[in-house]
Each structure stands twice: as structure tokens, then as C-alpha cells.
Amino acid sequence: MARTIVHLDADAFFASVEQAADTRLRGKPMAVGGESRGIIASASYEARKFGIYTPMPTARARKLCPRLIVLPGDYERYEQFSNWMFGYAYDFTPDVEQTSIDEGYFDLTSNHKKPALEIALTIRKAIGQSLKISVSEGIASNKLISQIASKLHKPAAFQNVPGGQEKQFLHSLPNKWLPGIGPKTAVRLNAAGLADIGQIAATPVDLLSLLLGGQAPVLRQFANGIDERPLIPAREPQKTFSQQETFNEDVTDEEYVEAVLRRMADRLFATVREEGRSVRTLTVKVRYNDRDENQRAESLREPTDLETDVYGRLRGLLGEAWQRRVSLRMVSLKLSNVYDGVFRSELPLETAAKNHEARERLAVVLDELRRNKGWSVVLRGHDLRLRDAPRDLAHEHAQPRLRISVNRGTPRVTPARATTYVPLRVRSYYTFLDSTLSPAAIADCAKQHGIPAVALTDIGNLHGAVEFAQAAKRAGIKPIFGTELRVNDNPLLLYVESARGYHNLNRLLSQKAEMGGRASPRAQTFLKRREDQRRRSSSRFCFGCRAR
Ligand SMILES: [Mg+2]
């Protein structure tokens, strides 16, 4: 049966919403700029006349148009407008598939009350009158044609491609209009004399396969105006990316669950990037062993397409969702509030923007490597954690650990709350330089994520302590210094909490240095005693320090 699909796409959405919300902005060249990264995310049509496009560095846009008004994005408002906009489509049909914040399809096949064209016009008029934003619509027998029809003559486009005229409509268009043909593929096709969609349609599949690989059959169908992709009306009004994992056994190990969430983020964001999108909202859901569920969501200030932007938030969300002290059977991560395009900097000026750009480049390389060599060709820290089974924390909690405090002369051994921690090795920074975080960046990162204290260690020395202390002071976090020594071939982590402890540790290290790397007899006795205690308590311990 012939279908009637409408593709709805708002014109210059963020800029239009800002102009709708503030009458003073109407008719003026204005843009919405990525707040921290200095790029234009959306430009009004008045601004586009000056040659401003997205994404373009804000600084360059200002040069092209000195009067340009640039506003930081108000993404909550855009999401609200998006809901209202699609609300008009829902008035006529439940079959709405929202593919991004300002784009989607709706299916009018089974609506017999009014002609489809009339409905599409009504929706567009209502959106224009009540929301004061302009939209483009394409009406056709499938998704592909309706989408191209809405985008071909923006803004305020309204194009109907009657059934049977799909080929005619498509054939003179350049090949880049077909989904899946990016700039690189387009160049390859042009070189092969297949610049127009009509030429692709007329090429046998086996020949096309040489240029397009496995994509060839689908693209050839598309080129002939055939697209059988169904419309996927979601119960939720929006497209999301999500993954869940059910554990073989109930899990109590929070660190393990966090690693699972990070791995999910890795996979989901790889798809987000593949589709050229960004997301703003994260939702972590847990299911307890009695099937009761709980979830927590958080929205970022700006949409992102990088898992590294959300790693730090996953722990907090998990902590908030996992409220009952009950083991977990399942955990899931959902990314929603999907935006088209990437909000990435082309002209990084600040350190934060530079770091972000470096992570963007890294993500692209990782994606490429994983596509070609398999997922596990590169592993992150949390992947290594997932190689081991979750720990049985319920059991471990029953055996209190020991914490030893020695900076006031007499060693005191006190039971400690079971905390797991990873020594942050400043050595990596001094060895690999800017491929890892500097002590100052670690302090800033801790501040950003509300971590009250951070401990930094090096092996056998206190490198970076001064830089770290200054940065921590600026960031308002408590710095803890440490070092790692080897005693009887076992690593021993020592932490200090005060100037006195720092002094003692320095003395210990310099004595060791004087003895040509061996600890002095006094230090040896001391370290031996710590090592024995460590072994008895069978856990790492702090030295002269209360970590929190
Ligand atoms: Mg749009």
C-alpha cells in the first residue's frame, strides 16, 4: 500500500527559538554559539546572508558580521519548543518518529479524515503562528524522498512529491543527497562519473559494489526512489540511544557497575558519532534483586558526542539511582535529547577547549581503529576492570580494613571504612607530558566533579607536589601527597596529610637516596613494620593520612 510520510524539519532551529522568545532579535543577524567552545551552533537566516554557517568559529563569524548577536545555547528551552512543535503532529497521528531535536517523520497513511497535504499545511501554520518558528516539510511515499524534499529548498520549504514521481524527483540531484554518502564517498563517485543520483540508479549493483562495498544494494534502491524503512513511532517522544546489562549473579560492587556503565557509554557514543549526532541527557537505571527499579537523569549544559565528557557523571548518577542497600540484577544507560550535528570547536583558544579538541581527535582515531581491528584493539581502564569478576562487597564489608596513622610519632592502627582507590601516578605526566593530565588539570577535574580530596603519588619521590599543592589550593580541594616504595619487592603506598607528614616522608626518601636507593636501617625497620601490618590487614593502607 502506498504510504504518505511527512518529514518535518525546523529552519535554523536554535536561532529561530531565540528570535521567537525575544522580539528584539527578530530580523537581526544573530546566532547561538557553543558557550565553552566558541563555535556557532545555529545562525539566523539574517546572519547566513553574511556567509555565516555552522559549525564556524564564533571569532570568524564576528569578523564576517561585526553586529552579530551571539547567545549561549538555552537547550532546555529548545527541548521545550521541540515538544510543542511535535505536539502539533501528534494532534493528527500517533505515528510520529522524532529523529532529533528539530526533525522527524510522521505517517499520515491511515488518516482519512483530511487530505495529507492539508494536514501538513495546518501543522506548519500552527507552528508558525503559535510558536513563531518556521519549518520545512516534505511529503512523499517514503522517508528518503520526504526528507530530501523538506531539505532541498530551505527555509520554509513545502514540497510534495506525488507517488510515482520519486525517480524523476531524485535523478538530477547530486549524489551527496543520498544517506550514507559523505564528502569522501562523493568524491570517489564523482571520479567514477556518478555525480548524479540518476547515474547511480543506472549502474549495475556489482559495479557499484566496487565503489560502495556492502552499501551498494541499498544505495542503488535509494537512488531509484525505493525506501522501505518503516517509521518507528516511539512511545517516548524522542529518539534515544540505550543499552542495558543483566548480570549473571547479583552485584554489590559499585566500582564494577560503574565500569560497566563506562563501557556502555563507549559503545553508545561510538554510535552517536557514527550518526553525526550529539546528546544532552544521561539516564542511569538500576534494577534490584527483588525487581524493584530506580533511575536518575542528568542533563549536560551543552550536547556532546564524547564519552569522555560523561565518564565523570556516571558514578554520581549510579550513586543516586542505587539508593537501597540491595544488590543489583541489571543496570542500563540511556542517552536522550538527541541533537543533529556536533558541537565541536574548530578554533580552540582555551586550555579546556584544546583538551576537548584533543579528545575529539582521539575519539575519531579510536572509532577508526575499532571499526577496522575490532573493539578490543584499544582498551580503557574500565575495560581492564571488567576482565575480573565483580567483588563480593557484602562479604568484604564484614571484615573491617585497617588504617595506620604514624605522623605523630606513635603508629596508631584504626579500622577504616572500606574505600577503594587508585593511586594517581604523577609519574605518567612527567614521563609522557601532555598525553596525560597534569597535576593542575587533575585538581581542576576534581573541582569540576565535586571531589573533596585527591591523592597524588610518584614512585620513590614526591615529584609534582608543589605544583599540585598550588593547583589544589586554587581549586579549593584537599591535596594529599604520596609515594610508592618497594619493600621486599612489594609495592607500598605511603600518604601524608600534613606538613609534618610531608617532612617525615621527605626525610625518609632522602635517607633512602643517601643509602644508594636502599632505605637506612632505621627506615628499613620502619618500612618492614608497615609491610607486616599491610600484609596482616591484606589491603592497601594510608600513611599519616585520613583520605577523606
Ligand atoms: Mg533543522
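Residues numbered from 1 in each chain as written. Predicted model: local features only at pLDDT ≥ 70, side-chain atom pairs only at ≥ 80, totals over all residues. Heavy atoms only, no water.

(A) The pattern of salt bridges, seen in detail. The tally for this structure, following the rule as stated, stands at 29 salt bridges. A salt bridge links K151 to D9, with the nearest nitrogen and oxygen atoms 2.7 Å apart. Of the two residues, K151 sits in helix α6 (residues 143–152) while D9 sits in strand β1 (residues 5–10), which places them 142 residues apart along the sequence. K151 gets classed as partly exposed once you look at its relative accessible area, which sits at 25%. Among the residues examined, D9 registers a relative accessible area of 2% and is labelled buried. Members of the salt-bridge network, linked through shared partners, are D9, D11, E103, K151 and K154. (Salt bridge = Lys/Arg side-chain N within 4 Å of Asp/Glu carboxyl O. Helix = DSSP H or I, 4+ residues; strand = E, 2+ residues; numbered from the N terminus. Buried < 20%, exposed > 50% of the residue type's maximum accessible area, 1.4 Å probe, protein only.)

(B) The packing of aromatic side chains, seen in detail. Evaluated as defined, the whole model comprises eleven aromatic pairs. Here the aromatic rings of F468 and F481 are separated by 6.0 Å at their centres, their planes lie at 85°, and the arrangement is edge-to-face. A residue pair is termed long-range when its members are at least 10 positions apart, and F468 in helix α19 (residues 465–475) and F481 in strand β17 (residues 478–487) qualify at 13 residues. F481 matches F468 in its accessibility class, with the two residues each being buried. Looking at R48, its charged tip hangs above the ring of Y45, at a distance of 4.4 Å from the centre. Directly above the ring of W375 sits R267, whose terminal nitrogen or CZ lies 4.1 Å from the centroid. (Phe/Tyr/Trp six-rings, centres within 6.5 Å; stacked < 30°, edge-to-face > 60°. Lys NZ or Arg CZ within 6 Å of the ring centre and 35° of its normal.)

(C) Geometry of the coordination of the magnesium ion. With distances of 2.2 to 2.4 Å, the protein atoms coordinating the magnesium ion are D9 (OD), A10 (O) and D102 (OD). Counting gaps between the donor residues of the magnesium ion yields the pattern D-A-x91-D. Here A10 falls in the buried class, since its relative accessible area comes to 3%. (Donors = N, O, S within 2.8 Å, 3.2 Å for Na, K, Ca; no water.)

(D) How the structure looks around the nonpolar core. Of all hydrophobic cores here, the largest spans 32 residues; its most connected members are F247, V257, L261, V284, V331, L333 and L335. Listing elements by their share of this core, those giving two or more residues are β9 (241–251), α12 (254–274), β10 (277–288), α13 (311–321) and β12 (328–340). Take this core: its biggest share by element is ten residues, from α12. What V257 contacts, discounting residues up to four positions off in sequence, is F247, V251, L318, W322, L328 and V331. Counting residues in hydrophobic clusters, the runner-up holds 28 residues, among them A10, F14, F86 and I139. (Core = buried A, V, L, I, M, F, W, Y, C linked by side-chain atoms within 4.5 Å. Contact = heavy atoms within 4.5 Å.)

By themselves, these are just geometric observations and shouldn't be taken as functional.
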